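The chain contents come next:
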Amino acid sequence: MINITEDLILKTLSDIDDPSQSKDIVSLGLVSNVNIKDSNVGVTLEVPVHRGAAMEPIRKLAQEKIMKIEGVTSATVVITAHESKQKGSPNVSEINEIKEKVFESNVKRFVAVGSGKGGVGKSTTSVNLAIALKLEGYSVGLLDADVYGPSQPRMLGVSGRPASVGGDMVAPLQNFGISLMSMGLLVPDDTAMIWRGPMVQSALTQMLNSVAWGNLDVIVIDLPPGTGDIQISLAQQVNLAGAVIVSTPQDIALLDVVKAITMFQKANVPIIGMIENMSYWSCPDCGRVDHIFGKDGVKSEAKKRGIDLLGEIPISVDVRKSSDSGIPIIISDPDAIQSKNYRIIAKSIIKSIKLDEEEVV
Ligand SMILES: Nc1ncnc2c1ncn2[C@@H]1O[C@H](COP(=O)(O)OP(=O)(O)O)[C@@H](O)[C@H]1O
Ligand SMILES: [Mg+2]
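Cut-offs applied
- Residue positions are counted from 1 within each chain, in the order its sequence is given.
- Numbering of ligands from 1 and lettering of chains from A proceed in the order in which they are written.
- Since the coordinates come from a predicted model, pLDDT governs what is reported: local features require at least 70, and pairs of side-chain atoms require 80 or more to be given and counted, while whole-chain, interface and lining totals use all residues.
- With hydrogens and water stripped out, all remaining heavy atoms of the structure feed into the side-chain values.
- Put simply, a residue is near a molecule or strand once any heavy atom of it comes within 4 Å of that molecule or strand.
- Identification of polar contacts relies on pairs of N or O atoms within 3.5 Å, with a donor-acceptor requirement for protein atoms, meaning one able to donate a hydrogen and the other able to accept it, and with residues adjacent in sequence counted only if both atoms are side-chain atoms.
- To measure how exposed things are, a 1.4 Å probe is used in the Shrake-Rupley method; for residues, cover is taken only from the protein chains shown.
- Comment: elements are numbered from the N terminus, with helices defined as DSSP H or I runs of at least four residues and strands as E runs of at least two.
- In the scheme used here, Gly and all other residues not listed as nonpolar or charged are polar, with Ala, Val, Leu, Ile, Met, Phe, Trp, Tyr, Cys and Pro taken as nonpolar and Asp, Glu, Lys and Arg as charged.
- Here a helix's expected span is defined as the number of its residues, less one, multiplied by 1.5 Å.
- For every residue, the accessible area (1.4 Å probe, protein chains only) is compared with the maximum for its type, and the residue is labelled buried under 20%, exposed over 50%, or partly exposed between those bounds.
- As used here, the arc belongs to the directions running from the helix axis to the C-beta atoms.
- Think of a nonpolar core as a cluster: buried Ala, Val, Leu, Ile, Met, Phe, Trp, Tyr and Cys residues, connected wherever their side-chain atoms sit within 4.5 Å.
- Any pair of residues with heavy atoms lying within 4.5 Å of one another is described as a contacting pair.
- Every case where a carboxyl oxygen of Asp or Glu lies within 4 Å of a side-chain nitrogen of Lys or Arg is listed as a salt bridge.
- For two strands to be treated as a pair, DSSP must find at least two bridges joining them.
- Angles shown run from 0 to 180 degrees and are taken between the N-to-C directions of axes, each axis being a line fitted to C-alpha atoms and, for helices, limited to the stretch in contact.
- Roughly parallel refers to an angle under 35 degrees, roughly antiparallel to one over 145, roughly perpendicular to one between 65 and 115, and oblique to any angle outside these ranges.
- In a left-handed crossing the near helix is turned counterclockwise from the far helix by less than a right angle, and in a right-handed crossing that turn is clockwise.
- Here, two cysteine sulfur atoms that lie within 2.5 Å of each other are counted as a disulfide.
- Confidence scores labelled pLDDT are given residue by residue by the predictor and lie between 0 and 100.

Visitor: Can you walk me through the site of ligand 1 in this structure?
Guide: The immediate surroundings of ligand 1 are formed by 17 residues, with Gly-119, Lys-122, Ser-123, Thr-124 and Asn-277 found nearest. Between Gly-119 and ligand 1, the recorded distance is 2.7 Å, taken from a backbone N or O atom to an oxygen atom. A distance of 3.1 Å separates a nitrogen atom of ligand 1 from a polar atom in the backbone of Pro-314. Compared with its free state, where it exposes 560 Å², ligand 1 has 83% of that area covered by protein. When residues of the shell around ligand 1 are traced back to their parent elements, those giving at least two are helix 4 (122–135), strand 12 (271–282), strand 14 (309–315) and helix 11 (317–325). Looking at the shell around ligand 1 residue by residue, the class counts come to seven nonpolar, eight polar and two charged.

Quick look at the structure:
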């Protein structure tokens, strides 16, 4: 009679491929525990949370295969779901799986809008750029990944719960021709959410995986502020075509920008360029220009680092009002200097990420 050993069980299980990754379940590290008691065998498969249901056929097959081993009288294979392995970061197989899913929905390019800190105009920039890209004739999605302070539903003027489109998939909401998904659409405004790293990660993963984005040329991602694990792993999950960095001209904001640049470089994300927001204020009555947050701060930082300055967006009450009212300035006042500059910046982005060329994965 054959001796039932862990090696024998693993060898048997290594015949089973995970079809989503065309690799066997043992090499993928999905077998987390093998327990042998006389002729009874128990196996645990550990899979990412969102794959629990999809793994059922594999679980059954594993059980059948173990039962066929000579001398085995009972085989129990169970699936346990886990959050991301490292704090806040998915492992390589999870990342590949997410990429596969997102590519299934045919999104050609992802562009992130980042900044070192909050309140510099990242969301305002994201929504206006998304619409500017749309105005150039592309199909555009906007992913509000700032789970800490989701502001895109308000800025894009959408509300209501996303509709279910079967399975665990939901449809993005639409306005001005832009498809939007945001945690702000999934969690009521007045809910105080405390986010821990792994929760943020799985929320973002869901906003990529469980949203029927459809065929899009580009998704603009309004990143959460900060320069930690979450930003890096999101960047890697979707294979960012590039990142745009928003800053005000102040030194303090620039210190954070340096961190953001370093983070993208570490994650091998090309930096498309920097945008100086709240560059200056021009008095609508007398035309006098005030550099409220300092002059040329971003310009000189960009130059020093060999990064393009994509454009300047002056301060104006209209930008703030239009953001708050759900009609971004590029729609409410297309002739404003800000709107014109957003359109110029969008053209540079299109060139930089080669949006007109086919996918080169
Ligand atoms: N160029 C600008 N002129 C005037 N107000 C602006 C400008 N850019 C952003 N704001 C306002 O500043 C606030 C913060 O901008 P927001 O885009 O929410 O920043 P972030 O996403 O970086 O936190 C918002 O009230 C927004 O309307
Ligand atoms: Mg924001």
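Visitor: So what exactly am I meant to see when it comes to helix 9 (residues 251–266) here?
Guide: Within an α-helix, residues lying three or four positions from one another point in the same direction, as the helix has 3.6 residues per turn. Taking 1.5 Å of rise per residue, 16 residues should cover 22 Å, and helix 9 covers 23 Å from first to last C-alpha, within 8% of that figure. Taken as a whole, helix 9 has its buried residues at Ala-253, Leu-254, Asp-256, Val-257, Ala-260, Ile-261, Met-263 and Phe-264. What you see down the axis of helix 9 is that its buried residues fit within an arc of 165°, all on one side. Seen from the buried face of helix 9, the exposed residues on the opposite side, beyond 90 degrees, are Asp-251, Leu-255 and Lys-266.

Visitor: Where do I start with the nonpolar core in this structure?
Guide: A general tendency of soluble globular proteins is for nonpolar side chains to be buried together. Within the largest apolar cluster, 78 residues are counted, with the highest numbers of intra-cluster contacts made by Ile-221, Leu-240 and Phe-264. The element contributing the most residues to this core is helix 4, with six residues. Apart from the residues lying within four places of it in its own chain, the contact partners of Leu-240 are Phe-110, Val-111, Ala-112, Ile-221, Ala-235, Phe-264, Val-269 and Pro-270. One finds Ile-4, Leu-30, Val-34 and Ile-58 within the second-largest nonpolar core, a separate group that totals 21 residues.

Visitor: Which parts of the structure should I look at to understand the pattern of salt bridges?
Guide: When the charged atoms of two side chains lie near each other, side chains of opposite charge can form a pair. Across all of its chains, the model carries eleven salt bridges by this definition. Notably, a salt bridge pairs Asp-256 with Lys-259, separated by 3.9 Å at the nearest N-O pair. Residue Asp-256 and its partner Lys-259 are both found in helix 9; the two are separated by three residues, about one turn of the helix.

Visitor: Looking at this model, I keep getting lost on the pairing of strand 10 (residues 216–222). Mind explaining?
Guide: Each regular strand shows side chains that alternate between the opposite faces of the sheet. Counting buried residues along strand 10, seven of its seven residues qualify, which places the element largely inside the surrounding structure. Of the pairings in the sheet, the one linking strand 7 (residues 140–144) to strand 10 comprises five bridges and is parallel in character. Bridge pairing in strand 10 places Gly-141 opposite Ile-219.

Visitor: Sorry, what's going on with the packing of helix 1 (residues 6–13) against helix 2 (residues 56–67) here?
Guide: Two quantities define a packed helix pair, namely the angle between the helix axes and the distance between the axes. Remark: helix 1 packs on helix 2, axes separated minimally by 10 Å, with the N-to-C direction vectors making an angle of 130°. Here helix 2 runs oblique to helix 1, going by the angle between their axes. Regarding helix 1 and helix 2, the two cross each other, and that crossing is right-handed. Mapping the contact onto sequence places Ile-9, Thr-12 and Leu-13 in helix 1 and Ala-62, Lys-65 and Ile-66 in helix 2.

Visitor: Where do I start with unusual backbone geometry in this structure?
Guide: Most peptide bonds adopt trans geometry, and most residues besides glycine take a negative phi value. Of note, Asp-38 is a non-glycine position whose phi angle comes to about 55°, a positive value. Looking at where Asp-38 falls in the secondary structure, it is placed in the loop between strand 3 (31–37) and strand 4 (40–48). Among the residues examined, Asp-38 registers a relative accessible area of 71% and is labelled exposed. Positioned with a positive phi, Phe-176 is a non-glycine residue whose angle comes to about 50°. With respect to the helices and strands, the residue Phe-176 is situated in the loop between strand 8 (173–175) and strand 9 (178–182).

Visitor: Sorry, what's going on with the side chain of Ser-279 here?
Guide: Locating Ser-279 in the fold gives a position in strand 12. If we skip the residues at most four places from it in the chain, Ser-279 touches Pro-249, His-291, Gly-294, Glu-312, Ile-313, Pro-314 and Ile-315.

Visitor: How should the state of the cysteines be read in this particular structure?
Guide: Two cysteines joined by a covalent bond between their sulfur atoms form a disulfide. Overall, the coordinates contain zero disulfides when judged by the stated rule. Here Cys-283 stays unpaired: no disulfide links it, and the sulfur of Cys-286, its closest cysteine neighbor, is 3.4 Å away.

Visitor: How should I be thinking about the confidence of the model for the chain in this particular structure?
Guide: A low pLDDT score tells you not to read the predicted coordinates there in detail. Residues of the chain with pLDDT of at least 70 account for 87%, and the chain-wide mean is 85. Here residues 84–88 scores under 50 on pLDDT; set against residues more than four positions off or in separate chains, the count is eleven contacts.

Visitor: Can you walk me through helix 8 (residues 229–237) in this structure?
Guide: Counting buried positions over the nine residues of helix 8 gives seven, a clear majority of the element. Along helix 8, the residues that are buried comprise Ile-230, Gln-231, Ile-232, Ser-233, Leu-234, Ala-235 and Gln-237. Just downstream of helix 8 lies Asn-239, where phi reads positive at about 55°.

Visitor: It is not clear to me how the pairing of strand 11 (residues 242–247) should be interpreted in this structure. Could you clarify?
Guide: Most of strand 11 sits inside the fold, with six of its six residues counted as buried. The alternating pattern of strand 11 places Gly-242, Val-244 and Val-246 and Ala-243, Ile-245 and Ser-247 on opposite faces, both of which are buried. Alignment of strand 6 (residues 107–114) against strand 11, held across four bridges, turns out to be parallel. Each residue of the ladder has a partner; that of Ala-112, found in strand 11, is Ala-243.

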